Each structure stands twice: as C-alpha cells, then as structure tokens.
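# Architecture and fold: a report
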Amino acid sequence: MNHETGRNPIATQINDKTRAKNADIISPFALAQAPRLDPAKFQDPDVTAKGEARASIYMTGLTTLWINTGTLCNLACASCYIESSPTNDALVYIRHDEVVAYLDEIRADNLPTEEIAFTGGEPFMNPDMIAIIETCLERGFKVLVLSNAMRPMRRHEDALLAIKAQYGHRLTIRVSLDHHSQTVHEGERGANSWDKAISGLKWLSDNGFAIAVAGRHLADESDADARAGFQALFDRENLRLDTDNIDQFMQFPEMDDQADIAEITTACWDILNVAPDSIMCAFSRMVVKHKGADKPTVAACTLLPYDPQFDMGQTLKEASQSVKLNHPHCARFCVLGGASCSA
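### Concerning the overall build of the protein
Along the backbone of the protein there are ten helices and ten strands. Since a compact globule built from 343 residues should have a radius of gyration of about 20 Å, the 19 Å found for the protein is in line with a globular shape. Principal-axis analysis of the C-alpha atoms places the extent of the protein at approximately 55 × 50 × 40 Å. Within the protein, the proportion of its 343 residues that are buried is 53%. At a minimum sequence separation of 6, the contacts of the protein that also span at least 24 residues come to 73%. Counting only carbon and sulfur atoms, one obtains 50% of the accessible surface of the protein, whose full area is about 15,200 Å². When the 32 basic and 47 acidic side-chain charges of the protein are each reduced to a single mean position, those positions are 3 Å apart.

Written out as structure tokens, the structure is:
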C-alpha cells in the first residue's frame, strides 16, 4: 500500500479503470452529497488522525470461512465494491483442490468452523463451483453461496436440484437484489437484469431451496420503507421470504470508501455500545487467489481483498491474528452500519 496516500495501487487501478469505463453511469445508491473523506484518516494502523488509539478486533474463533471464487461476473454493476465485471480477473478462479486444502486445515486444527460461504464475482461462473459445493457439504459444513441468480446459476439447475435432494437446507443461496423496484435495481445492475434475477429467485423458491435476499435502500429511503417495499415484492411474487427474518433478508449500507466516516477508536465500543466480538472479522476470514499468485491467501474479511494490510498469510493459522480497523469499510459497514456478510 502507498502509505503516503493510504491507497492500495492495485485496487486504485481497478477502480479507476471501472470508473472511466462507466463515467456516464451514476449509481442510484451513490453518496454524492456526502463530504469527501479526510485524507488524514485511515493512514496509520495504530492511531487515528486525531492521535487516538485505533480499535482492533481479536479473533474469537473461525466460525465462517469465506472463499472468493474469482472476480469475473456476468454483470458490471455501477458500484460493485470489489469491481467485479466480465473482464476483471484480478482475483482468479479458485480451484477445487485449493479449497480442499483449507477444509483439511480446518479439520487438522479442529477449528470451530460451521459454514463455508462463497462470493465473487458470480460464483457459478467458476467451473469448479458445483464440485466445491458438494465437497463442502460432504465434509459436514453448511454452505452459503452469494449469487445474482441469473444465467450462470441457471445452467446448473439439475446439479443444484440433486444437491438439494441430498443435503436439503444445508445449502443456502443468497440472491443480490439491489432494490425492490426494477428501475433502481437496473440503474445499478444494468438493463434487462431485473426479470432474469426475479426469475432465478422464483425458481429457487418454487423448488424449495433455502434462500435469502441481500438488498439496499436509497439514501432518502428509510430502512422501514425499504423493508416494506421488499416484503411487498416478495408477497407479490409468491416468494417464501420474510424481511423480519435475518436469515432470509439483510439490508446493507452503501460502501463508498471516499465518503467521510468516523474512525473507530478503542473508546468507541462503550460509546456505541457495540461488542468487538460481534464484528465480522472476529469470526470469519476470506480466501482469495490473486492473479499471478501461485497459491491463495487469506484476507481479513470479504470487503478488503485487495488491500495488502489486510492480507494475513496463506494459512488459516497465520490469519488468526488481530485486525486493525484501518479502512472506511470497517467503520461504515461493520461497526457503525451494524452489518455482517454472514447472517
């Protein structure tokens, strides 16, 4: 990372290319009116811009292992935090044998891992995805797959039905549906993405899969209004989803790493009445494979796969170290937003 600017050059290059390509596309979720981030913030891993001790999170036990299947995706959303697209292969497809190596480490070290979760890109574009899901389920883990429920997933309908028949609700597919309205969803994800996503979600629901939806709400829309909008959509489409059930619906805050946000200090836990062990990096890590790398590595969390200060080594044991909350996402998404990628 460039410690003078606080920016990761790899991520900055990817972001700049995507922003240039989509210069005429403004996300409906953009925080355009928010003050820009103070450049003095998130520079020192130990202290804040005000000179206060920065908060850290200690791992309490790895209960969820996230695996990034690769950043290639069939969509190029206006504000994808990881810049997934049909051309971004900054994180390459992880292989079945590479996933198995981490499952073996979990077993060898008797880690308390209950769930293996997959994100991308679009996980179902990874050619090893079905074999990976099956192996994780065979090992006794619950499996969560984040998907847009579009054509890449639909190509595997027969395989997914067979998996469901054998393992039931130990497999959950969480569908990203940015908004309860077609106009806003397609403003973020592109034209003709709504009907395909709804069709895939209905296929999952109609066939009895364990499903969930991850949504967002607009800056001028309350959480309650957005939930009501999503529930009306679910009821209208006869989807087996309840917005009051955290296992079935979650609503994420916007992640603009250039919008100003408070830094989290050691004093914040008592002030905010938030427990450090409730934060995602206390109980999860994410495996990624960078383009050109011989082996995967472990990142502190799902939100920060490119930033080298959150690269924690090649093994889960190495990655069990504490995490310093030295990024705007740590504050906006996890601590102040109260969000977690796991239910």
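### Topic: unusual backbone geometry
Keep in mind that most residues, glycine aside, have a negative phi and that most peptide bonds are trans. With an omega dihedral of 15°, the bond running from Gly120 to Gly121 counts as a cis peptide bond. The backbone of Phe42 shows a phi angle near 55°, a positive value even though the residue is not glycine. For Phe42, a relative accessible area of 5% puts it in the buried group. Of note, the phi angle at Glu83 is positive, near 60°, even though the residue is not glycine. Looking at the element boundaries, Glu83 is found in the loop between strand S2 (64-68) and helix H2 (96-108).

### As for helix H7 (residues 194-206)
In this model H7 runs 18 Å from its N-terminal to its C-terminal C-alpha over 13 residues, within 8% of the 18 Å that 1.5 Å per residue would give. Looking only at H7, the buried set comprises Trp194, Ala197, Ile198, Gly200, Leu201, Trp203, Leu204 and Ser205. In the core, the buried residues of H7 are packed alongside helix H4 (151-154), helix H5 (157-167), strand S5 (171-176), helix H6 (182-189), strand S6 (210-216) and helix H8 (223-236). Where H7 terminates, the next one or two residues include Gly208, which has phi positive at roughly 80°.

### Observations regarding empty space enclosed by the protein
What the rule picks out here adds up to two cavities of 30 Å³ or more. Taken together, 35 residues form the lining of the largest cavity, with Cys80, Tyr81, Leu146, Ser176 and Arg189 sitting closest to its centre. The set of elements that each furnish at least two residues to the lining of the largest cavity consists of strand S4 (142-147), S5, H6 and S6. A breakdown of the residues in the lining of the largest cavity according to their chemical character gives 18 nonpolar, ten polar and seven charged.

So, how was this worked out
Residues numbered from 1 in each chain as written. Predicted model: local features only at pLDDT ≥ 70, side-chain atom pairs only at ≥ 80, totals over all residues. Heavy atoms only, no water. Helix = DSSP H or I, 4+ residues; strand = E, 2+ residues; numbered from the N terminus. Rg over C-alpha atoms; globule rule 2.2 N^0.38 Å. Buried < 20%, exposed > 50% of the residue type's maximum accessible area, 1.4 Å probe, protein only. Contact = heavy atoms within 4.5 Å. Areas by Shrake-Rupley, 256 points an atom, 1.4 Å probe, with all protein chains shown as cover. Lys, Arg positive; Asp, Glu negative; His and termini not counted. Charge placed at Lys NZ, Arg CZ, Asp CG, Glu CD. Expected span 1.5 Å × (residues − 1). 1 Å grid on protein atoms, 1.4 Å probe; cavity = no way out; pocket = protein on both sides within 12 Å on 5 of 7 lines; lining within 4 Å. Points joined across faces, edges and corners; volume = space filled by probe spheres on them. Nonpolar A, V, L, I, M, F, W, Y, C, P; charged D, E, K, R; others polar.

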